[in-house]
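Structural overview for review
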Amino acid sequence: MDETTPQLTELLATDLDDGFTELVRTQAGTVRAVLLRLSGSARDADDLGQETFLRAYSALRGYSSERRGQLQPRAWLLTIAANVWRNHLRTLSRRPGVADGVEVTAIEIPDGSPGPEQLALDGARRARLVAALSGLPDHHRLPVVLRHIGELSYQEVAGILDCPVGTVKAQVSRGLAALRAEPGLAPDRTAAGAAGAAGAAPGGTTARTAHDPARTERKEATG
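Residues numbered from 1 in each chain as written. Predicted model: local features only at pLDDT ≥ 70, side-chain atom pairs only at ≥ 80, totals over all residues. Heavy atoms only, no water.

1. Let's talk about the overall build of the chain
Secondary structure summary: the chain contains 11 helices and zero strands in total. Mapped from its N terminus to its C terminus, the chain presents α and β elements in the order α-α-α-α-α-α-α-α-α-α-α. When each of the 223 residues of the chain is scored for burial, the buried share is 48%. Contacts in the chain between residues far apart in sequence, at least 24 positions, make up 76% of those at least 6 positions apart. As presented, the chain carries roughly 10800 Å² of accessible surface, and 50% of it is formed by carbon and sulfur atoms. (Helix = DSSP H or I, 4+ residues; strand = E, 2+ residues; numbered from the N terminus. Buried < 20%, exposed > 50% of the residue type's maximum accessible area, 1.4 Å probe, protein only. Contact = heavy atoms within 4.5 Å. Areas by Shrake-Rupley, 256 points an atom, 1.4 Å probe, with all protein chains shown as cover.)

As structure tokens, this is what we get:
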């Protein structure tokens, strides 16, 4: 579990405004990182992040103190962010994706070979990784980003997508395989060094252990 979660949820339960300020401080980096990889646009990521937190605050105002104290903040916020992004996609259905100029960190492709963080050292490969990620089908891109950028467990991603854990694992695996198959993205197996943690958002957030929050709780907040 994120080390900030107990203190954060306690503050949300007792003082909504101060709790929300802390929620933004600790989770904004993760939300923006996820939206940046999903949208491929820094400007869109900023706009969608603002909308995510506006929706979050509106939802929190309708929650009881007890309910706010039981939230899993990161997974809950990323559920809202995913829905905001899906809505945004509907307005962009006739426009090509934009990847140029996006500031990107690497995504780990866990196959035992040097990970894509090594590709970030090569500007051309880095650009291709951005384009390849943007080109993944939505049903692969979203689980890959939630898992490896949002650092959510498979169970949490399954809750957001409302599908079985096995389906999420298959989608993530196929998405990563598609990235590895892209020309110029295959890791150099002769290079030294193993893949490290990748895609961590600003602000020092860390991966958390799995939990199984109620799906109805999330959907209610993001409708």
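2. Some remarks on helix α3 (residues 42-61)
In this model α3 runs 29 Å from its N-terminal to its C-terminal C-alpha over 20 residues, within 8% of the 28 Å that 1.5 Å per residue would give. For α3, the full list of buried residues reads D44, A45, L48, G49, T52, F53, A56, A59 and L60. Buried residues in α3, looked at end-on, bunch into an arc of 160 degrees, giving them a common side. Exposed positions of α3 whose direction lies more than 90 degrees from the buried face are R43, Q50, L54, S58 and R61. (Expected span 1.5 Å × (residues − 1). Arc of directions from axis to C-beta.)

3. Here's the deal with helix α9 (residues 154-161)
Given 3.6 residues per helical turn, the α-helix brings residues three or four places apart onto the same face. Counting buried positions along α9 yields six of eight residues, so the element is predominantly enclosed. Turning to α9, its buried residues are E156, V157, A158, G159, I160 and L161. D162 sits one or two positions beyond α9 and adopts a positive phi of about 55 degrees.

4. So, the confidence of the model for the chain
With 64% of its residues at a pLDDT of 70 or more, the chain shows a mean pLDDT of 76. Confidence, read as mean pLDDT per element, is least for helix α6 (residues 116-119) in the chain (47) and greatest for α3 (95). Under a pLDDT of 50 for its full length, residues 188-220 has, in the predicted model, 73 contacts with residues more than four places off or in other chains. (pLDDT = per-residue confidence, 0-100.)

5. Considerations on the packing of helix α2 (residues 16-39) against helix α8 (residues 138-148)
The N-to-C vectors of α2 and α8 enclose an angle of 155 degrees; their axes lie 10 Å apart at closest approach. Comparing the axis directions of α2 and α8 gives the class roughly antiparallel. Classified by chirality, the crossing of α8 by α2 is right-handed. Contacts between α2 and α8 involve V34, R37 and L38 on the former and, on the latter, R141, L142, V145 and L146. When its residues are assigned to classes, the contact of α2 with α8 shows five nonpolar, no polar and two charged. (Axes fitted to C-alpha atoms, helices over the stretch in contact; angles between N-to-C directions. Parallel < 35°, antiparallel > 145°, perpendicular 65-115°, else oblique. Left-handed = near helix turned anticlockwise from the far one by under 90°. Nonpolar A, V, L, I, M, F, W, Y, C, P; charged D, E, K, R; others polar.)

6. Some points on unusual backbone geometry
Phi is positive for E151, which is not a glycine, with a value near 55 degrees. With a relative accessible area of 14%, E151 lands in the buried category. The phi dihedral of D162 falls on the positive side, at around 55 degrees, and the residue is not glycine. When you line up the elements, D162 lands in the loop between α9 and α10 (165-181).

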